Amino acid sequence: MKEQLDLPPMMGAKGEITLPGSKSISNRVLLLAALSIGKTEIRDLLDSDDTERMLDALKILGVNIEFTGKNSCIVEGISGNFPVKDAKLFLGNAGTAFRPLTAALAFSGGHYHLHGVPRMHERPIGDLVDALRLAGAEIAYLDNKGYPPLEIFPAKDAIADSISVKGNVSSQFLTGLLMALPLLGRKMEVKVEGELISKPYIGITLAMMERFGVKVEREGWERFFIAADSRYRSPGTIHVEGDASSASYFLAAGAIGRGPVRVYGVGKSSIQGDAKFARYLEKMGAKIEMGENWIEASAPENGLDAIDIDCNEIPDAAMTLAVAALFAKGKTTLRNIASWRVKETDRIAAMAKELSKFGAIVEEGDDFIAITPPPPPFSIHGSIDTYDDHRMAMCFSLAAFGTHLGINDPSCVAKTFPEYFEKFLEIAQPVPVISIDGPSASGKGTVAAIVAQRLNYNYLDSGALYRISALAAMKAGISLDEGTAIAELMSKAPVRFDGGRIFLEDAEITEEIRSEACSSGASKVAAFPEVRAALLERQKRFRKSPGLVADGRDMGSTVFPDSQLKIYLTASAEERAMRRYKQLIAKGEDVRIDVLLQDIRARDERDSKRSAAPLQKCDDATLIDTTEMGIEEAVSRVLELYRNASSGKTSRFDQPTPDLRDI
Ligand code: DC
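This text gives an overview of the structure that appears in the document. For every chain, the first residue of the written sequence is number 1, and numbering continues from 1 along that sequence. Thresholds applied to this predicted model are a pLDDT of at least 70 for local features of residues and 80 or more for the giving and counting of side-chain atom pairs; totals over whole chains, interfaces and linings are not thresholded and use all residues. Calculation of side-chain values draws on the structure's entire complement of heavy atoms; hydrogens and water are dropped beforehand.

1. Considering the site of the ligand
Residues are classed as near a molecule or strand on a simple rule: at least one heavy atom within 4 Å of it. Surrounding the ligand, one finds 16 residues, the nearest of these being Ser462, Arg467, Arg532, Asp554 and Arg610. Residues adjacent in sequence count toward polar contacts only when both atoms are side-chain atoms; beyond that, a polar contact is any pair of N or O atoms within 3.5 Å, and within protein one must be able to donate a hydrogen and the other to accept it. Between the ligand and Arg532 there is a distance of 2.9 Å, counted from an oxygen atom to a side-chain nitrogen or oxygen. Within the side chain of Arg553, a nitrogen or oxygen atom sits 3.0 Å from an oxygen atom of the ligand. Against a free-state accessible area of 450 Å², the protein chains account for coverage of 96% of the ligand. Secondary structure elements are taken from DSSP: a helix is a run of H or I of four residues or more, a strand is a run of E of two residues or more, and numbering for both begins at the N terminus. Elements represented by at least two residues in the shell around the ligand include exactly α14 (462–475), α16 (516–525) and α20 (593–609). Broken down by element, the shell around the ligand gets its largest block of residues, 4 residues, from α14. Considering only residue class, the shell around the ligand consists of 4 nonpolar, 4 polar and 8 charged. Computed by Shrake-Rupley with a 1.4 Å probe, the accessible areas treat only the displayed protein chains as cover when residues are assessed. Ten residue types, Ala, Val, Leu, Ile, Met, Phe, Trp, Tyr, Cys and Pro, are classed as nonpolar, four, Asp, Glu, Lys and Arg, as charged, and the remainder, Gly among them, as polar.

Laid out in C-alpha cells, this is it:
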C-alpha cells in the first residue's frame with residue numbers, strides 16, 4: 001500500500017529556501033555535455049528520478065560520468081558518437097530524457113530500444129518521430145503507433161534538409177530535434193507547424209546549446225537554422241539554475257500565508273520561463289520583489305484576486321495557480337494549457353477532480369480550466385490523489401493553508417524534488433496545538449478550557465465525542481457492543497459544537513452526555529478501533545487558526561502527534577475520587593467515596609489496557625501531577641511551558657506566534 005502524508009492546517013508561511021537545480025536545465029546539460037568535445041564540470045545538478053534516468057542512460061551508452069559531490073559531476077564528452085552501439089534504455093516517466101535521447105540516438109549509428117513506465121507509453125511521440133524520419137531516421141514503434149516503446153536503427157541519408165515538426169503538442173519535440181540535428185554535421189532547417197506551445201522551454205534549449213558552442217539562428221518561433229559546422233564543445237564548468245517551477249510552490253505559499261517567502265536560485269536573470277510565475281502571482285495581488293538570484297513573495301492585505309490568463313509562458317507553474325485559486329476572490333481561468341493533458345498524467349482532469357474535493361466549482365475544456373473556490377474556511381472530502389505526478393503532490397500542499405489534508409503517495413515528488421515536503425515544512429507554520437492527555441477526573445478538561453480561553457484558541461473536548469457516540473448509539477437503538485455500526489453512525493452524525501453547547505441534529509445534548517450512562521458508555525465505545533478511526537477526522541477539523549487546545553487520552557500520541565506542547569495531566573486516584581465526590585455532593589447526589597474510587601480505578605484500567613490508542617504518557621509529553629496543585633497553578637504551568645516551547649520553535653513567525661505577555 002502506498003503511504004499517505006498528513007499535512008496539518010497551516011496558518012502562515014515565512015522564510016528562505018534554496019531551490020534544487022532545474023530539471024529541464026539539468027537533463028539538457030547532461031546530454032549536451034555527453035555529446036560535446038571535452039570534459040564538462042556540472043555544478044548544482046538536480047538529484048532526482050528524472051535526472052537519474054538520464055544519467056543511467058548516458059552511462060549505458062558508454063559516457064564516463066564521475067560524481068564529485070551530491071550535486072556536481074564531471075562528464076567526459078564523446079564528441080557526438082556514443083561508444084555503445086546496441087543498448088536497451090529504460091527512461092521511466094522522464095519526458096526530458098525520452099524525447100531528446102530519441103532524437104540524439106536516431107543519428108548515432110546504432111541500434112537502440114527505448115522504453116519507460118506505462119504512463120510514458122501513453123504520452124505521444126509521433127510528431128517527433130515523423131520529423132526525425134524526414135531527416136533520415138529509422139525508427140519503429142514496438143507497441144502502439146505514435147507512442148513509445150521505440151526501436152531505433154542506424155539512420156539513412158536525409159531525405160530533406162528542411163524538416164517540419166508540430167509545435168502544439170509538446171515543445172520537447174522541437175527541443176529534441178534542435179539538440180540532435182548538429183550531430184548530422186550539415187545545414188538543416190526546422191519549421192514549426194501550428195502554434196508553438198511552451199516557448200520559454202525552447203528558449204532554455206537555445207541558451208544551453210549556445211553555452212555548448214552551437215548558435216541556432218531563428219526567424220520568430222517558426223523557423224530555426226542549424227549551421228553545417230555545428231559541433232558541441234564543453235564550456236568547461238557550468239552551473240545549473242534553481243528550478244523555477246519548484247520555486248512556484250514557495251512563492252505561492254508566501255502569497256497565501258502572509259510571507260515573505262524568498263527563494264534563492266532563480267531571479268531577474270533567469271532563463272527559465274517559469275520564473276515569470278512571480279509576475280502572474282503579482283496579477284493576483286501578491287507583493288513580489290526580485291534580485292538577480294532571488295524572488296520573494298508576500299500576501300496582499302486583502303487576499304488574492306482571481307485572474308483570467310493565458311498560461312503558454314508558464315505551463316508547469318500554472319498548476320500552482322490552479323491551487324492558489326482556492327484562496328482567491330472569484331473565478332480563476334487558466335487558458336492555453338492543452339499540454340497538461342499529455343504530461344505525467346492528464347493534468348486538467350486530475351486537477352479538476354482534486355479541486356472539487358474541496359467543494360470548488362471546476363469547469364474544464366480541452367485547453368482550459370476554470371476554478372471558483374468554495375467559501376472559506378474550506379475543508380476536504382477525502383484525501384488528495386497524486387496520479388504519480390510530482391507537481392500534483394507539490395501544488396496541493398498549498399491547500400494546507402485552508403485545511404488539514406492527506407496527500408496520497410507523497411514520494412512521487414522524487415521525480416524532481418525529493419526533499420520537497422521537508423522544505424515546505426521549513427517555511428510553513430502549522431496551526432499550533434497544545435494537547436493535554438490524562439485519566440478521567442484529573443482536571444485536564446478544566447485546565448484545557450481555561451488555557452484555550454486565555455490564548456483565545458479553539459478548544460476540543462475529545463471525550464465529549466466519545467460520550468456523544470455512546471448517546472447517539474443508544475438513541476438509535478444500537479448496542480454498545482457493535483463497534484462497526486457505531487463507527488458508521490458517527491461518520492455521518494450531525495454533531496455541532498457551538499460555544500460551550502453541543503447539539504446532535506437539532507437537539508441540545510450538552511448536559512445529557514455528562515450522565516453516568518454516557519460516561520460508562522463512552523469508555524466502552526472508545527475501545528473500538530473503528531469508532532476511534534471514525535472520530536479522527538472530526539477531531540482534526542478542530543485545528544483552526546490561531547490555535548487549538550485539545551484534551552483527551554490520545555491527543556498527543558495519535559490525533560495531533562505534531563503538537564507544539566504535550567502535557568500529561570494526572571493526580572492520584574484517591575485525589576480524583578475526592579474531587580468527583582465533592583462535585584456530585586454539591587449537585588445534591590448521594591454518593592460514596594469508596595464506590596467512586598473503585599469506579600475511577602476500573603476506568604483507568606480499561607482506558608490504559610485497551611489495545612486501540614491506550615491512555616499512556618507519550619515520551620515527549622510533560623507530566624503535571626495536580627494531586628497537590630490547584631487549577632490556577634496547573635494553568636500557569638501549562639502556559640509557561642507553552643511560552644518556552646513557542647519561543648524556541650516558531651521564532652521565524654513573529655506575527656502569528658501567540659503573544660503570551662499578557663497572560
Ligand atoms: O474525558 P471524558 O471522561 O469525557 O472521556 C469519556 C471517555 O472517552 C473515557 O472513558 C475515555 C474516552 N476517551 C478516549 O478514549 N479518548 C479520548 N481522546 C477522550 C476520551
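2. Quick notes on helix α17 (residues 529–540)
For a helix, the expected span equals 1.5 Å multiplied by the residue count minus one. The end-to-end C-alpha distance of α17 is 17 Å, a good match for the 16 Å that 12 residues give at a rise of 1.5 Å each. Buried, partly exposed and exposed residues are distinguished by accessible area as a fraction of the type maximum, computed with a 1.4 Å probe on protein chains only: under 20%, between the cut-offs, and over 50%, respectively. The complete set of buried residues in α17 reads Val531, Arg532, Ala534, Leu535, Arg538, Gln539 and Lys540.

3. Looking at the environment of Asp310
Within the secondary structure, Asp310 is located in strand β19 (residues 308–310). Between the C-alpha atom of Asp310 and that of Phe368, which follows or precedes it by 58 residues, the distance is 9.1 Å. In what follows, a contact means two residues having at least one pair of non-hydrogen atoms within 4.5 Å. Excluding its chain neighbours within four sequence positions, the residues that come into contact with Asp310 are Tyr280, Arg335 and Asn336. Of note is the side chain of Asp310, whose polar atom sits 2.8 Å from the backbone nitrogen of Asn312. In this structure the side chain of Asp310 is engaged in a polar contact, spanning 3.3 Å, whose partner is the side chain of Asn336.

4. Observations concerning the pattern of salt bridges
Between Lys or Arg on one side and Asp or Glu on the other, a salt bridge is scored when a side-chain nitrogen of the former is within 4 Å of a carboxyl oxygen of the latter. In this structure the tally under the stated criterion is 46 salt bridges. The residue Arg347 makes a salt bridge to Asp389 at a minimum N-O spacing of 2.7 Å. Of the two residues, Arg347 is situated in helix α10 (residues 347–356) and Asp389 in the loop between β23 (368–372) and α11 (390–396); the sequence distance between them amounts to 42 residues. An identical accessibility class is assigned to Arg347 and Asp389; each is buried. Between Glu632 and Arg454 there is a salt bridge, with its nearest N and O atoms 3.1 Å apart. On the criterion of sequence distance, the pair formed by Glu632 in helix α21 (residues 631–649) and Arg454 in helix α13 (residues 444–455) is long-range, its members being 178 residues apart. The partly exposed category is assigned to Glu632, whose relative accessible area is 42%. The class of Arg454 is partly exposed, set by a relative accessible area of 36%. A single network of salt bridges, built from pairs that share partners, joins Lys23, Asp50, Asp316, Lys343, Glu344, Arg347, Asp389, Arg391 and Lys415.

5. Overview of the packing of α14 against helix α15 (residues 483–492)
Between α14 and α15, the least distance of the axes is 10 Å, while the angle of their chain directions is 110°. By the angle between their directions, the pair α14 and α15 is classed as roughly perpendicular. Here Leu465, Ile468, Ser469, Ala472 and Ala473 of α14 lie close against α15, whose contacting residues are Ile486, Leu489 and Met490. Comment: axis = line fitted to C-alpha atoms, over the contacting stretch for helices; angle = value between 0 and 180 degrees taken between N-to-C directions. What sets the label is the angle itself: under 35 degrees gives roughly parallel, over 145 gives roughly antiparallel, 65 to 115 gives roughly perpendicular, and the rest give oblique.

6. So, the pairing of strand β3 (residues 39–43)
Residues Thr40 and Ile42 line the buried face of β3, whereas the alternating positions Lys39, Glu41 and Arg43 sit on a face that is not buried. Here, strands pair whenever DSSP counts at least two bridges between them. Judged from the 3 bridges that link them, β3 and strand β14 (residues 237–239) form a sheet pairing that is parallel. By the bridge assignment, Ile42 is partnered in β14 with Ile238.

7. Topic: the sheet that holds strand β4 (residues 64–69)
Taken in spatial order, the 4 strands make up an open sheet running β4-β5-β3-β14, and their pairing is mixed. If you trace the sheet from one side to the other, it starts and ends with β4 and β14, each paired once. Here the average twist between neighbouring strands, direction ignored, is 20°.

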